[in-house]
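Chain by chain, the residues:
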Amino acid sequence: MQTKQALTILSALAQESRLAVYRLLIEHAPDGLAASVIAEKLGLANATLSFHLKELSHAGLVTSQQSGRFVYYAPVIEAMNDLIGYLTDHCCSQSDGSCEVDKTSCKPPAATTKSRSKPRTV
């Protein structure tokens, strides 16, 4: 990951509503949620949510998929894992001690892919 990409991601998350949207989507990874469900759960107007989702998408943090009349948004977990790696890559490299950074990453269970043929209700 390059510095510019890290700054784009951090800038996208440096806003309360966008951070709330991303955290909500992480809870529902890997499938994500319909935009209408996100708006309902967070109490955001559709236009406001659309703006925030565009910013998160531009930063590479979410993807969208049309299914009928619904648009589903899902987190790009790899982008966050790359950011965490970028931030901790040189941990303790200039000290005599060992900080032993845990290099585990957030990975959804492999067998959780669900069909998006009908809208989800929460």
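The structure reproduced in this document is the subject of the present report.

Calculation rules
Residues numbered from 1 in each chain as written. Predicted model: local features only at pLDDT ≥ 70, side-chain atom pairs only at ≥ 80, totals over all residues. Heavy atoms only, no water. Core = buried A, V, L, I, M, F, W, Y, C linked by side-chain atoms within 4.5 Å. Buried < 20%, exposed > 50% of the residue type's maximum accessible area, 1.4 Å probe, protein only. Helix = DSSP H or I, 4+ residues; strand = E, 2+ residues; numbered from the N terminus. Contact = heavy atoms within 4.5 Å. Patch = residues over 30% accessible without salt bridge, like charges linked within 9 Å, V, L, I, M, F, W, Y side chains within 5 Å. Areas by Shrake-Rupley, 256 points an atom, 1.4 Å probe, with all protein chains shown as cover. Salt bridge = Lys/Arg side-chain N within 4 Å of Asp/Glu carboxyl O. Pairing = 2+ DSSP bridges. Axes fitted to C-alpha atoms, helices over the stretch in contact; angles between N-to-C directions.

## Some words on the nonpolar core
Step number 1: Leu13, Val21, Leu25, Ile38, Leu49, Leu56 and Leu61 are the most contacted members of the largest nonpolar core, which has 27 residues in total.
Step number 2: Those elements that place two or more of their residues in this core are α1 (3-13), α2 (16-27), β1 (33-34), α3 (35-42), α4 (46-58), β3 (70-75) and α5 (77-88).
Step number 3: Filtering out sequence-adjacent residues up to four positions away, Leu56 remains in contact with Ala12, Leu13, Arg18, Val21, Tyr22, Leu61 and Val62.

## Examining a nonpolar patch on the surface
Step number 1: Together, Met1, Leu7, Leu10, Tyr86 and Leu87 make up a nonpolar patch on the protein surface, roughly 440 Å² of accessible area in all.
Step number 2: Among the elements of the structure, α1 and α5 are those that each provide at least two residues to the nonpolar patch.

## Details of the sheet that holds β3
Think of a sheet as strands paired side by side through backbone hydrogen bonds, with each pair either parallel or antiparallel.
Step number 1: In space, the 3 strands of this open sheet follow the order β1-β3-β2, with antiparallel pairing throughout. Pairing within the sheet leaves two strands with one partner each, and these edge strands are β1 and β2 (62-67).
Step number 2: Pairing analysis gives 2 bridges linking β1 to β3, with the strands arranged antiparallel. Note that in β3 the partner of Ala34 across the bridge is Tyr72.
Step number 3: Taken strand by strand, α2 contacts β1, β2 and β3, and its axis lies near 90° from that of β3.

Geometry only, nothing functional implied.
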